[in-house]
Amino acid sequence: MPSSAASYLGVTTVTDLTDGVLHTLFRSDQGGHEQVVLCQDRASGLKAVIAIHSTALGPALGGTRFYPYASEEEAVADALNLSRGMSYKNAMAGLDHGGGKAVIIGDPETIKSEELLLAYGRFVESLGGRYVTACDVGTYVADMDVVARETRWATGRSPENGGAGDSSVLTAYGVFQGMRASAQHLWGDPTLRGRRVAIAGVGKVGHHLVEHLLQDGAEVVITDVREESVRRILDKHPQVTAVADTDALIRTDGLDVYAPCALGGALNDISVPALTAKVVCGAANNQLAHPGVEKDVADRGILYAPDYVVNAGGVIQVADELHGFDFDRCKAKASKIFDTTLAIFARAKEDGIPPAAAADRIAEQRMAEARRG
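Residues numbered from 1 in each chain as written. Predicted model: local features only at pLDDT ≥ 70, side-chain atom pairs only at ≥ 80, totals over all residues. Heavy atoms only, no water.

A.B. asks: Would you explain the pairing of strand β5 (residues 98–105) in this entry?
C.D. replies: Consecutive side chains along a regular strand alternate between the two faces of the sheet. Among the 8 residues that make up β5, 8 are buried, leaving the element largely enclosed by the rest of the structure. For strand β2 (residues 46–52) and β5, the ladder comprises 5 bridges, and the chain directions are antiparallel. Residue pairing across strands places Ala-48 opposite Ile-104, the latter belonging to β5. In terms of strand pairing, strand β3 (residues 60–61) meets β5 through 2 bridges, oriented parallel. Across the sheet, Leu-61 pairs through a bridge with Gly-99, a residue of β5. Bridge count between strand β4 (residues 64–67) and β5: 4 bridges; the pairing is parallel. Directly across from Phe-66, in β5, lies its bridge partner Ile-104. Between the parallel elements β4 and β5, the chain passes through helix α2 (residues 72–92) in a crossover that is right-handed. (Buried < 20%, exposed > 50% of the residue type's maximum accessible area, 1.4 Å probe, protein only. Helix = DSSP H or I, 4+ residues; strand = E, 2+ residues; numbered from the N terminus. Pairing = 2+ DSSP bridges. Right-handed = clockwise from strand over helix to strand, strands pointing away.)

A.B. asks: Please explain the packing of helix α13 (residues 313–321) against helix α14 (residues 327–335) as it appears in this structure.
C.D. replies: At a minimum axis separation of 9 Å, α13 and α14 run at an interaxial angle of 145°. For the element pair α13 and α14, the recorded crossing hand is right-handed. Listed contacts from α14 to Ile-316, Gln-317 and Asp-320 of α13 are Arg-329, Cys-330, Lys-333 and Ala-334. In terms of residue class, the contact of α13 with α14 is made up of 3 nonpolar, 1 polar and 3 charged. (Axes fitted to C-alpha atoms, helices over the stretch in contact; angles between N-to-C directions. Left-handed = near helix turned anticlockwise from the far one by under 90°. Contact = heavy atoms within 4.5 Å. Nonpolar A, V, L, I, M, F, W, Y, C, P; charged D, E, K, R; others polar.)

A.B. asks: Would you take a moment to explain the pattern of salt bridges for this structure?
C.D. replies: Any two side chains of opposite charge can pair if their charged atoms end up close together. Tallying each qualifying case throughout the model produces 23 salt bridges. The shortest N-O distance in the salt bridge between Asp-235 and Arg-231 comes to 3.3 Å. With Asp-235 and Arg-231 both in helix α8 (residues 227–236), this residue pair falls 4 residues apart, about one helical turn. Looking at Arg-231, the relative accessible area reads 45%, which means it is partly exposed. Among the salt bridges present, the one from Asp-351 reaches Arg-361, with a minimum N-O distance of 3.1 Å. Here Asp-351, found in helix α15 (residues 337–351), pairs with Arg-361, found in helix α16 (residues 355–372); they are 10 residues apart in sequence, far enough to count as distant. For Asp-351, a relative accessible area of 27% corresponds to the partly exposed category. Ionic contacts of the salt-bridge type, sharing partners, join the residues Arg-65, Asp-78, Lys-101 and Asp-136 into one network. (Salt bridge = Lys/Arg side-chain N within 4 Å of Asp/Glu carboxyl O.)

A.B. asks: Please explain the sheet that holds strand β11 (residues 279–280) as it appears in this structure.
C.D. replies: Neighbouring strands of a sheet are bound in pairs by backbone hydrogen bonds; such pairs are parallel or else antiparallel. On the basis of which strands lie adjacent, the open sheet formed by 6 strands has the order β9-β8-β7-β10-β11-β12 and parallel pairing. Looking along the sheet, the strands with just one partner apiece sit at the ends: β9 (241–242) and β12 (303–304). Summarising the sheet, strand β10 (residues 257–260) and β11 pair through 2 bridges and their orientation is parallel. Pairing of Val-257 across the sheet is with Val-279, part of β11.

A.B. asks: How should the nonpolar core be read in this particular structure?
C.D. replies: Grouped burial of nonpolar side chains is what soluble globular proteins tend to show. Among the nonpolar cores identified, the biggest contains 45 residues, and Met-179, Ile-199, Leu-209, Val-210, Leu-213 and Ile-222 are the most heavily contacted of them. Among all residues touching Leu-209, those that are not within four sequence positions of it are Ala-172, Val-175, Phe-176, Met-179, Ile-199, Ala-259 and Cys-261. Among the nonpolar cores identified, the runner-up in size contains 21 residues, and Ile-52, Leu-118, Ala-119 and Val-124 belong to it. (Core = buried A, V, L, I, M, F, W, Y, C linked by side-chain atoms within 4.5 Å.)

A.B. asks: Can you help me understand helix α4 (residues 114–126) in this one?
C.D. replies: Side chains three or four residues apart in an α-helix point the same way, a direct result of the helix having 3.6 residues per turn. Compared with the 18 Å implied by 1.5 Å per residue over 13 residues, the 18 Å span of α4 between its first and last C-alpha is a close match. Taken from the residues just after α4, Gly-128 is the one with a positive phi, measuring 65°. (Expected span 1.5 Å × (residues − 1).)

A.B. asks: What is the right way to look at α8 in this model?
C.D. replies: Residues Ser-229, Val-230, Ile-233 and Leu-234 constitute the buried set of α8. Burial along α8 is one-sided: seen end-on, the buried residues are contained in an arc of 130°. Opposite its buried face, α8 presents the exposed residues Glu-227, Glu-228, Asp-235 and Lys-236, each directed more than 90 degrees away. For α8, the elements touching its buried residues are α7 (206–215), β8 (219–223) and β9. (Arc of directions from axis to C-beta.)

A.B. asks: How should the pairing of β2 be read in this particular structure?
C.D. replies: Counting buried positions along β2 gives 6 out of 7 residues, so the element sits mostly inside the fold. Of the pairings in the sheet, the one linking strand β1 (residues 35–41) to β2 comprises 7 bridges and is antiparallel in character. What sits directly across from Val-37, in β2, is Ile-50. Hairpin connection, β1 to β2: the antiparallel pair is bridged by 4 residues, and Gly-45 has positive phi, about 85°.

A.B. asks: What's the story with the packing of aromatic side chains in this structure? I'm lost.
C.D. replies: For any two aromatic rings, the description comes down to two numbers: the centre-to-centre distance and the angle of the planes. The full count for this structure, using the stated rule, is 2 aromatic pairs. On the basis of an interplanar angle of 70° and a centroid distance of 5.1 Å, the ring pair of Tyr-67 and Tyr-69 is categorised as edge-to-face. Relative accessible area serves as the criterion here: at 39%, Tyr-67 is assigned to the partly exposed category. Judged by its relative accessible area of 9%, Tyr-69 is buried. When the ring of Tyr-88 is compared with that of Tyr-308, the centres are 6.4 Å apart and the planes differ by 85°; the resulting orientation is edge-to-face. Of this pair, Tyr-88 sits in helix α2 while Tyr-308 is found in helix α12 (residues 307–310), placing the two residues 220 residues apart along the sequence. For the pair formed by Tyr-88 and Tyr-308, the shared burial category is buried. For the cation-ring pair, Arg-180 lies above Phe-338, with the distance from its terminal atom to the ring centre recorded as 4.7 Å. (Phe/Tyr/Trp six-rings, centres within 6.5 Å; stacked < 30°, edge-to-face > 60°. Lys NZ or Arg CZ within 6 Å of the ring centre and 35° of its normal.)

A.B. asks: Please explain the packing of α15 against α16 as it appears in this structure.
C.D. replies: To describe two helices that pack against each other, one gives the angle between their axes and the distance between the axes. Here α15 crosses α16 at 105°, and the two axes come no closer than 8 Å. It follows from the interaxial angle that α15 and α16 lie roughly perpendicular. From α15, Ala-343, Ile-344, Phe-345, Arg-347, Ala-348 and Asp-351 reach across to α16, where they touch Pro-355, Ala-358, Ala-359, Arg-361, Ile-362 and Gln-365. By residue class, the composition of the contact of α15 with α16 is 8 nonpolar, 1 polar and 3 charged. (Parallel < 35°, antiparallel > 145°, perpendicular 65-115°, else oblique.)

As structure tokens, this is what we get:
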């Protein structure tokens, strides 16, 4: 099998499948998954992988990614990496859920159908609640409504179908709490008032984050590959500044905070040396392009708020659906991201390690304690 060099969430990930999936699962340090299910329904064209990394804290929770992978091996690697990352994310969010993730192989623009989604729902149901699914790249609220017709273990549904709908509101709110914690840690005051904040990506999550920052008195600079997304912000808030692209954004003079809210890999060997910001705190998943880049960030004196901690508002929301969604209850839980982020910074300072490593240690400790219990 070919190698895969993907890196996810700052935790140890599967980076090489040359010796086979079984070797990775049973004998490598990157394994440790409890269960991996390969699903196929030839009538609908469904090919899927459901990976359950851990149920130490409770049923595995994580979204379903629908993506045209170059190979089945790449799809398996992605499911393994993402499910492991969800264990850490759910642990740090204080949820009673382990980590899981599913991937459906194929281009959703061409093969997604009601029949395929229903078949996928039957596979999720067959796991008896060990895995709870939700939306991810390539899947949406309407898709979860279809999946939920075959399984009780689908969240991220529409309000009309008993769900909470779009989770971007609470995701943005959690990122804002992470920024407030970063400001408290670095400048002694939990506010962004008078600070210059750069946001790369002002789509579903990013445009809500703009609102929080402006209300808090921050100066906001934005960019997005979609001109219409930028125009929506500027039409509503003419005091916001826009720049051409992310490369220009990270080099903007006088930045206090950089918020990657689009693609992963935002912190890499090119961007880190160029950053002018003192804090990185954003909604994008998998911001660390490769293992070791978190040390490069720390060595430059830049404070990094781990992405899987501050962007957990969405998973907090979908988890709450299982108990009958209550927005105020979810918002109260998402507010705790402030305290969690501060605890990570304190642990990092105490242990002399980057915040990403500190977050991993705290999450691993919670999972280990649950196993012993």
